[in-house]
Amino acid sequence: NAGVIQTPRHKVTGKGQEATLWCEPISGHSAVFWYRQTIVQGLEFLTYFRNQAPIDDSGMPKERFSAQMPNQSHSTLKIQSTQPQDSAVYLCASSHGGNTEVFFGKGTRLTVV
Amino acid sequence: QEKVQQSPESLIVPEGAMSSLNCTFSNSASQSIWWYQQHPGKGPEALISIFSNGNKKEGRLTVYLNRASLHVSLHIRDSQPSDSAVYLCAALLSGSFNKLTFGAGTRLAVCP
């Protein structure tokens, strides 16, 4: 079990460019989550999927952020027109849902210059 | 909605001492409280969770939950330098399907 796999580990984009982050959840997990971590805000919930269906995107900045889960083996987080304030570590996580352990990937560090 | 606050922000203890971390949550309907450990450059890893009032022990870890005061604490006995990390408290709200709300974390440093 390789755990939750996130690629790339580091990404640098210029202001205004698009960034796509990839996540491969643990096989068999029905829930997939995206979180964002910064020094100032800590670990913030962005969105989650249950059995590939989007359930709650209440944490997503609406205009430029979008997430998809086209199949059970991967999810993507896309940020359009990136801004310096989008610089953060983006963490993907998966679980069996309910009151079970949530497993996190190592994250993608996004730097917008 | 759930809010989670942790204290202290940072903690330095000598090797072999007890480390005590605190967490308060805002919603008594929180189904469970989880403690995660995060090392630099890594994702958070679950350490221990508690659902019922009272305490739970796992190895060197003991967690206490008091729902009446909305307070939970984590105690690490015989702290080791390898325990140095950021500890995150997270609340799972009933009906939220595994969606965790995290506190800001406590940075623990264990000095040899």
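Our subject is the structure that appears above.
Quick summary incoming for the structure in this document.

The rules behind these values
- Residues numbered from 1 in each chain as written.
- Chains lettered and ligands numbered in written order.
- Predicted model: local features only at pLDDT ≥ 70, side-chain atom pairs only at ≥ 80, totals over all residues.
- Heavy atoms only, no water.
- Pairing = 2+ DSSP bridges.
- Helix = DSSP H or I, 4+ residues; strand = E, 2+ residues; numbered from the N terminus.
- Axes fitted to C-alpha atoms, helices over the stretch in contact; angles between N-to-C directions.
- Salt bridge = Lys/Arg side-chain N within 4 Å of Asp/Glu carboxyl O.
- Contact = heavy atoms within 4.5 Å.
- Buried area = accessible area lost by both parts, 1.4 Å probe.
- Polar contact = N/O pair within 3.5 Å; in protein donor to acceptor, adjacent residues only side chain to side chain.
- Nonpolar A, V, L, I, M, F, W, Y, C, P; charged D, E, K, R; others polar.
- Phe/Tyr/Trp six-rings, centres within 6.5 Å; stacked < 30°, edge-to-face > 60°.
- Buried < 20%, exposed > 50% of the residue type's maximum accessible area, 1.4 Å probe, protein only.

Let's shift gears to the sheet that holds strand β1 (residues 5–7) of chain A. All names here are of chain A. The strand order β1-β3-β8-β7 describes an open sheet built from four strands, whose pairing is antiparallel. At either margin of the open sheet sits one strand with a lone partner, and together these are β1 and β7 (65–71). When the angles between neighbouring strand axes are averaged without regard to direction, this sheet yields 20°. With three bridges connecting them, β1 and strand β3 (residues 19–24) associate as antiparallel partners. Across the sheet, the residue bridging to Ile5 is Glu24, located in β3.

A few words now on unusual backbone geometry. All names here are of chain A. In this structure, the amide linkage connecting Thr7 to the following residue, Pro8, adopts the cis form with an omega of -10°. Along the chain, the position of Pro8 falls in the loop between β1 and β2 (10–13). Unusually for a residue other than glycine, Ser81 sits at a positive phi of about 45°. Secondary-structure assignment places Ser81 in the loop between β8 (74–79) and β9 (88–95).

Here we come to the sheet that holds strand β8 (residues 71–76) of chain B. Picture the strands of a sheet paired through backbone hydrogen bonds; they go either parallel or antiparallel. Residue and element names in this part refer to chain B. If you walk across this open sheet you meet the five strands as β1-β3-β8-β7-β6, and the pairing is antiparallel. Edge positions in the sheet fall to β1 (4–7) and β6 (54–58), since each has one partner strand and no second. Between one strand axis and the next, the sheet turns by 15° as a mean value, whatever way the strands run. Bridge analysis of strand β7 (residues 61–66) against β8 gives six bridges, and the strand direction is antiparallel. By the bridge assignment, Asn66 is partnered in β8 with His71.

A separate point is the pattern of salt bridges. Summed over all chains, the structure comprises six salt bridges over all chains. One salt bridge in this structure joins Asp86 of chain A and Arg64 of chain A, with 2.6 Å as the shortest N-O distance. Taken together, the residues span a long stretch of sequence, with Asp86 of chain A in the loop between β8 and β9 and Arg64 of chain A in the loop between β6 (53–56) and β7 at a distance of 22 residues. The partner of Glu58 of chain B in a salt bridge is Lys56 of chain B, with the nearest N and O atoms 3.6 Å apart.

Let's shift gears to the interface of chain B and chain A. With 19 residues of chain B at the interface, the matching set in chain A holds 23 residues. Counting the surface lost from both chain B and chain A, the interface buries some 1700 Å², and carbon and sulfur atoms represent 55% of this. When the buried surface of chain B facing chain A is broken down by residue, Phe97, Asn98 and Lys99 of chain B rank first, second and third, together holding 39% of it. Counting every contact that joins chain B to chain A gives one salt bridge. Across the salt bridge formed by Asp56 of chain A and Lys99 of chain B, the nearest N and O atoms sit 3.0 Å from each other. Viewed at the interface, chain A and chain B are joined by six residue pairs in polar contact (both at pLDDT 80 or more). Elements represented by at least two residues in the side of chain B that touches chain A include exactly β4 (30–38), β9 (85–93) and β10 (100–102) of chain B. Looking at the side of chain B that touches chain A element by element, the count peaks at five residues for β4 of chain B. Looking at the side of chain B that touches chain A residue by residue, the class counts come to ten nonpolar, seven polar and two charged.

The next point concerns the packing of aromatic side chains. Using the criterion set out here, one finds eleven aromatic pairs over all chains in the structure. On the numbers, 6.4 Å between centres and 35° between planes, the contact of Phe33 of chain A with Tyr35 of chain A is tilted. You can call Phe33 of chain A buried: its relative accessible area is 0%. Since its relative accessible area comes to 1%, Tyr35 of chain A is described here as buried. For the pair Trp34 of chain B and Phe51 of chain B, a centre-to-centre distance of 6.5 Å together with 80° between the ring planes defines the contact as edge-to-face. Of this pair, Trp34 of chain B sits in strand β4 while Phe51 of chain B is found in the loop between β5 (45–50) and β6, placing the two residues 17 residues apart along the sequence. Relative accessible area serves as the criterion here: at 36%, Phe51 of chain B is assigned to the partly exposed category. Among the aromatic residues, ring-to-ring pairing joins Phe33, Tyr35, Phe45, Tyr48 and Phe104 of chain A together with Tyr36 and Phe102 of chain B into one connected group.

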